[in-house]
Amino acid sequence: MTLADLTFARWRSLDLASARRIAEETAALVDGKVARVDSVEHLGGTLHRVRIERGGRAFALIPGGRVRLGFDPDSWRPTAAQLADYAGSVSAGFGFGPDLSAHLGHELSPVRTVALDTVLMAVEDEDVSEVPDDIPAALAADGLRMPSADEWEHACGAGAGTLFRWGDECPLDEPSYGNGTLRHEPNAFGLHIAYDSYGGELSSDRGAFHGGDGGAAACGGYGSLLEWLPLATACRNPGMAEFSYGPDGEDPGEEFSTRPVLTLP
């Protein structure tokens, strides 16, 4: 099997020995070194995680193929605590109307099926020192690129389909920033992703801002659920994306980062 044939569905069917072989072949293609291959329980089965080091960066193997992305708020059943928390946000003047599902429909990308290539994606996002429009050229100098919004979402959720990459709930009594074991645990592909609402990652989609909102909800006192929502896998945060590419985004700060992608030959 070649990398061109490697899909997320096929990857989930492989045994560990086959995963190790593909990891070694992939590393050889990019002049990298396999640092780790392990397995985790995911979606009722086993998912292998590959970490490849190249040029001072650590990358995870992200199998592609046809994958399901987005979130369907109408089929989601919020908890009583989530409903109560959102009601408090609405009473304080936040949210898009009184219906939580309608608010999620406004903030999250819709359910869809897309075709993606298998790629290597950086385990850690990297702070941006350039204005957003200059990021592609800076990455290209190292043979890298920004992820597409769909690639970012697939890499974060790994097919889970839940509101957050770890499930449908979040600890409403804990902050969505700073230290926290739930947010900082590696995801199913081994990425450190969607871990701090004060962060936020740019993709090649100018209308999307992922994995945080620069702390807007937390600083603004939007409410606990809305503070956590920027960490939702399908959250696109178009308002923050518009800010990033607007005049105010010309002064990059800690809240802007991107996650380099290495396209496989």
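Here the structure is shown first, and the text comes after it.
Residues numbered from 1 in each chain as written. Predicted model: local features only at pLDDT ≥ 70, side-chain atom pairs only at ≥ 80, totals over all residues. Heavy atoms only, no water.

Scanning the chain from N- to C-terminus turns up 10 helices and 11 strands. Taken over C-alpha atoms, the radius of gyration comes to 18 Å for the chain, in line with the 18 Å a tight globule of 265 residues would show. In terms of principal-axis extent, the alpha carbons of the chain reach across some 55 × 45 × 30 Å. Counting over 265 residues, the chain shows a buried share of 49%. Partitioning the intrachain contacts of the chain with sequence separation of at least 6 by distance along the chain shows that 72% fall at a separation of at least 24. Just so you have it, the chain exposes about 11,600 Å², and 49% of that area is on carbon and sulfur atoms. Within the chain, one finds 20 positive and 41 negative side-chain charges whose respective centroids are separated by 9 Å. (Helix = DSSP H or I, 4+ residues; strand = E, 2+ residues; numbered from the N terminus. Rg over C-alpha atoms; globule rule 2.2 N^0.38 Å. Buried < 20%, exposed > 50% of the residue type's maximum accessible area, 1.4 Å probe, protein only. Contact = heavy atoms within 4.5 Å. Areas by Shrake-Rupley, 256 points an atom, 1.4 Å probe, with all protein chains shown as cover. Lys, Arg positive; Asp, Glu negative; His and termini not counted. Charge placed at Lys NZ, Arg CZ, Asp CG, Glu CD.)

All right, on to the pattern of salt bridges then. Taken as a whole and assessed by the stated rule, the structure comprises 14 salt bridges. Note that arginine 36 is salt-bridged to aspartate 38, the shortest N-O span being 3.6 Å. Here arginine 259 ties to glutamate 201 by a salt bridge, and the two come within 2.7 Å at their closest N and O atoms. Separated by 58 residues along the polypeptide, arginine 259 in the loop between strand 10 (257-258) and strand 11 (261-263) and glutamate 201 in strand 8 (residues 201-202) bring together distant segments of the chain. For arginine 259, a relative accessible area of 0% gives the class buried. Overall, glutamate 201 belongs to the buried group, its relative accessible area being 3%. By sharing partners, the salt bridges in this structure join Arg112, Asp150, Glu153, Asp205 and Arg236 into a single network. (Salt bridge = Lys/Arg side-chain N within 4 Å of Asp/Glu carboxyl O.)

With that settled, the discussion passes to the packing of aromatic side chains. Counted by the stated rule, this structure contains 9 aromatic pairs. Plain terms: the ring middles of tryptophan 166 and tryptophan 228 are 6.0 Å apart, the flat faces sit at 85 degrees to each other, and that makes the pair edge-to-face. Here the residue tryptophan 166 occupies a position in the loop between helix 6 (149-157) and helix 7 (181-184), and tryptophan 228 occupies one in helix 9 (residues 224-228), the gap between them amounting to 62 residues. Look at tryptophan 166 and you get partly exposed, because its relative accessible area is 24%. Among the aromatic residues, those joined into a cluster by ring pairs are Phe164, Trp166 and Trp228. (Phe/Tyr/Trp six-rings, centres within 6.5 Å; stacked < 30°, edge-to-face > 60°.)

The subject of this paragraph is the sheet that holds strand 11. Strands sit in the order 1-2-3-6-11 across an open sheet of 5 strands; the sheet is antiparallel. What marks the edges here is a single partner per strand, and that holds for strand 1 (33-42) and strand 11. This sheet shows a mean twist of 30 degrees between the axes of neighbouring strands, independent of strand direction. Sheet topology note: the strand 1/strand 2 (residues 45-54) ladder contains 9 bridges and is antiparallel. Paired with arginine 36 across the strands is arginine 51, a residue of strand 2. Against the sheet, helix 2 (residues 16-29) makes contact with strand 1, strand 2, strand 3 (57-62) and strand 6 (119-122), and its axis sits at roughly 145 degrees relative to strand 1, the strand it touches most. Where helix 6 meets the sheet, its contacts fall on strand 1, strand 3 and strand 6, and the angle it forms with strand 6 comes to roughly 75 degrees. (Pairing = 2+ DSSP bridges. Axes fitted to C-alpha atoms, helices over the stretch in contact; angles between N-to-C directions.)

Turning our eyes to something else, we now look at helix 4 (residues 100-107). For helix 4, the complete set of buried residues consists of Leu100, Ser101, His103, Leu104 and Glu107. The buried residues of helix 4 occupy an angular sector of 160 degrees when projected down its axis, which confines them to one face. Looking at the packing, one finds that the buried side of helix 4 touches helix 3 (80-91) and helix 9. Backbone nitrogen of serine 101 and a side-chain oxygen of the N-cap are separated by 3.3 Å at the start of helix 4; the cap is aspartate 99. (Arc of directions from axis to C-beta. Polar contact = N/O pair within 3.5 Å; in protein donor to acceptor, adjacent residues only side chain to side chain.)

Bringing the state of the cysteines into the picture now. Applying the stated criterion to the full structure yields 0 disulfides. Of the cysteine sulfurs around cysteine 170, a residue in no disulfide, the closest is that of cysteine 235, at 12 Å. Residue cysteine 170 is classed as buried on the basis of its relative accessible area of 10%. Note on cysteine 219: no disulfide assigned, nearest cysteine sulfur contributed by cysteine 235 at a separation of 16 Å. (Disulfide = S-S within 2.5 Å.)

Our focus in this paragraph is the sheet that holds strand 10. Read across the open sheet, the 4 strands follow the order 7-10-8-9; overall the sheet is mixed. The open sheet has two edge strands, strand 7 (126-127) and strand 9 (209-210), and neither has a second partner. Taken together, the 2 bridges between strand 8 and strand 9 define a ladder with antiparallel strand orientation. Considered in strand 9, the bridge of leucine 202 is made with phenylalanine 209.

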